[in-house]
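# Remarks on the overall topology
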Amino acid sequence: MTPERLLDLHAGWQLAEAPAGVDCAALNALPDAEWQAVSVPGSAHGALLAAGRIPDPFYGTNETAVRWVGERTWAWRLHFDVASLAAHETLVFEGLDTYCTAWLNGVPLFTSSNMFVPLRVDVRERLRIGSNELVLRFDPPLARAREQEAAFGRRQLWNGDSARLYARKAQYHFGWDWGPELLTCGPWKPVRRHSWEARIDEVQTRTQVDVAAQRAAIHVATRLEGAAPGLAVELDLLDPDGHSVARAAYAAEVAGASLAVPEARLWWPRGMGGQPLYTLVTRVVDGAGQPLAEDRRRIGLRTLRLVQEPVKGEGGRSFYFEVNGQGFFAGGANWIPDDSLLERITPARYRERVAQAAAANMTMLRIWGGGIYEHDAFYDACDELGLLVWQDFMFACGMYPAHAPFLASVRDEARAAVKRLRHHACMALWCGNNEDYAVAESIGAYGPHAQLERFDARAIYEKLLPEVCTELDPDRAYWPGSPYSPNPTGITMSADATVGDRHSWEVWHQQMLPYQRYGDVQARFVSEFGMQSHPSLALLESVLPPEERFAESRTATWHNKAGGSAPDGHRRLAVYMADNLRVGPSLAEQVYATQFIQAEAMRVAYQDFRRRWQQPGARAVGGALVWQLNDCWPVTSWALIDSSGTVKPAWHAIRRALAPLAVAARLEAGQVRLAVMNAGSEARAVLLQLRVYALDGRCLLDTISDRVAPASSTVETTQALPAAGEPVVAELRALNPADSAELARDCAWAEPFKFYRLDAAAITVTRAAGGLSLNADRPVKGLWLQADGATFADNFIDLVPGQAWHVAVAGTPSNLHYAALDHAARAVSIKD
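A brief structural summary. (Residues numbered from 1 in each chain as written. Predicted model: local features only at pLDDT ≥ 70, side-chain atom pairs only at ≥ 80, totals over all residues. Heavy atoms only, no water.)

## Digging into the pairing of strand β38 (residues 763-768)
Direction of pairing for β38 relative to strand β39 (residues 771-776): antiparallel, over a ladder of six bridges. Directly across from T766, in β39, lies its bridge partner S773. Counting the residues that bridge the hairpin from β38 to β39 gives two residues, and of these G770 lies at a positive phi of roughly 75°. (Pairing = 2+ DSSP bridges. Helix = DSSP H or I, 4+ residues; strand = E, 2+ residues; numbered from the N terminus.)

## Description of the nonpolar core
Ranked by size, the top nonpolar core spans 229 residues in total, and within it F321, M362 and Y518 carry the most contacts. At 11 residues, helix α13 (residues 587-610) tops the list of elements feeding residues into this core. One finds V686, L690, A730 and L732 within the second-largest nonpolar core, a separate group that totals 18 residues. (Core = buried A, V, L, I, M, F, W, Y, C linked by side-chain atoms within 4.5 Å. Buried < 20%, exposed > 50% of the residue type's maximum accessible area, 1.4 Å probe, protein only.)

## Focus: the side chain of S553
Here S553 is to be found in the loop between α10 (537-542) and α11 (554-558). A distance of 2.7 Å separates a polar atom in the side chain of S553 from the backbone oxygen of E548. (Polar contact = N/O pair within 3.5 Å; in protein donor to acceptor, adjacent residues only side chain to side chain.)

## Thoughts on empty space enclosed by the protein
Applying the stated rule across the entire model yields five cavities of 30 Å³ or more. Considering the residues around the largest cavity, the lining is formed by 13 residues, among which H534, E552, A556, H570 and L573 are closest to the centre. Mapped by element, the contributors of at least two residues to the lining of the largest cavity are α11, α12 (569-580) and α13. The element contributing the most residues to the lining of the largest cavity is α12, with four residues. Each residue belonging to the lining of the largest cavity can be placed in one class, and the counts come to six nonpolar, six polar and one charged. (1 Å grid on protein atoms, 1.4 Å probe; cavity = no way out; pocket = protein on both sides within 12 Å on 5 of 7 lines; lining within 4 Å. Points joined across faces, edges and corners; volume = space filled by probe spheres on them. Nonpolar A, V, L, I, M, F, W, Y, C, P; charged D, E, K, R; others polar.)

## Some points on the sheet that holds strand β5 (residues 88-93)
Strand pairing within a sheet occurs via backbone hydrogen bonds; the two strands may be parallel or antiparallel. Here four strands make up an open sheet; going across it, the order is β1-β12-β5-β8 and the pairing antiparallel. Strands at the two margins of the open sheet, each flanked by one partner only, are β1 (5-8) and β8 (119-122). Sheet twist, expressed as the average angle between the axes of neighbouring strands with direction ignored, equals 25°. Pairing of β5 with β8, which is carried by four bridges, proceeds in the antiparallel orientation. Bridge assignment links L91 to a residue of β8, and that residue is V121. (Axes fitted to C-alpha atoms, helices over the stretch in contact; angles between N-to-C directions.)

Have a look at this one:
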């Protein structure tokens, strides 16, 4: 028997615009001059952009200039040679975006209409020795979706065209309040030819871990195709160092076997332990021991539980995650696709972006339901770096249909996603949708006294998806939606703060509460909240025509999609700036001001949410996931990292707030409220130093006290302020009792900032071992460093007199600039 062969069919493709609805013969009759060379995976937009046939859709308002691409029909064709045929021949299409008709050698092969369903097509009787031709026709997605909408009715939604609800396509492609409308099409994932006599169709692993004894059992179930008498399955478990630690073999007719791991190395979220990954090798061998097929996948050994229990002294139930018996505060972010053109997101780019989340001390990323089930490289990076994944199914902000063909497509989609992702150690939760329950509530289709029959997609979230998860991944929690807050009567209200998860958009959306009031909108698990800001000045200017490079220009406003068809992001930004700052007119000043507001808002939010992670039994807030980590194009949005990969000041504010040991200070009437937040598994003794300064630099108070921060908990206290009768800055530092080394720091300022002048401080920058030393003679707020050829380990820094601040620098900085509150951006010389 012959081993399997898997051949990429990625080179040699051609693309042409085609008349709507034509067959293969008509496509092949198109003149040769109309076909252009393209690569797969790819999209029509990406191919046309590479060929210079369309402008960059991200520049200026070119989004409208390329809209025609999504309104046309596009044909892809490939000629490939076949030298011989195996017993079984299949063509594998890992992802087709979205409405596709295929022909092989002029004969109809299939039609598909779900971007998320991989296809495996038997072509043994259709392939021929010699040259073969594969042709794919992709129909315009919006037109096809509107055909379904015309047949079944218009449905309520937030964001995008209402017809999108009928399209099993990445919903953000229809336009969102942070992204452009780019209705892509094409083979967006690999296309391969698979030749085989026997193959492994499915491998399922379920682990049982005894944490105390550090041993595990891995139960492996396999499903084969082409199995014949005499074939066997061999399992080989390799430890993180590549050594074989457990083996098993069984006849191909047997469903699986178990492997014992006596000295199990446990996988932990980052900050709680290591991330050792075992490799399970599954082989099909013939009677002579010759390998015919092989599957390799990495797994982590750990337990994971969603804990919902009473909260001491409060109503409702907790909502937090526990790994290997240890609960933890899940600080993290929401993830959207990192580009509108998906083929451009390389494994290296996935790794970089996930590493940026890890470097910000995050422990969880939520894959939002309006994007895609991400590339394997994303989940691999989360496995390796210790970030748990909250995985939405791909439904967002709408009243989805539930007629039989739609449900059948969704079931195929869900089964494919669960089978592909369930082995990853990072996977924490399956979630039915994003904000669909909230949309239903907004129109009276869910909640008390609602007309529940109008919410027919409950058949997806409360029946179909949990059935799939129970069958294929029974050891992982399923949650019907986000937000979702079941109460004892079984009726959900998505704004309930005492049960389930909540999207706290009273800041920015809804009432536009001051960001200083994030503590008022906490919940058991805050799975969305956020504040907008501009991207970096360099990125923003790169997509604005020179004549449009000013605040509130037509193009600058175009690159803020908040509000959708009634844009209001610029107005909301203006309110938050006006409430807090005095802002100059230049684009640079506007960029700094919006990023300042975002950073301060995130500092307040994460501190106020995290300090409610108290002792066991009092886990009042179990996690906080900011909207959003990343961007898909150059835009003013809620992202912490812009589409060039540049982190904003808010990234640094969150990194400090989520540090394993963090402190928080709040100015209140006559006192300072102090909090020490310890994520460690052991109690931590610290010295708390509180220094209070007048704005002219005078030190009004300097105290040190002993505190013990309990393991995985928060301790709070207060300190009276001196009766100075003037605005002050309070600096709180946690010090190591052994050597007084600084462990954590936070500063609280008299607000609103616009009431006070902070421009008199003299700032000096001195070269120091491994970086720079920063000094000021008066308090400085929000010092933001920028330089060519260097990155800064810390940034957006508050300075106080008499305390030099050391910043580690990677690279050799040149053209150093800084900006700070009331200090316009300026070049600075580094002193030796």
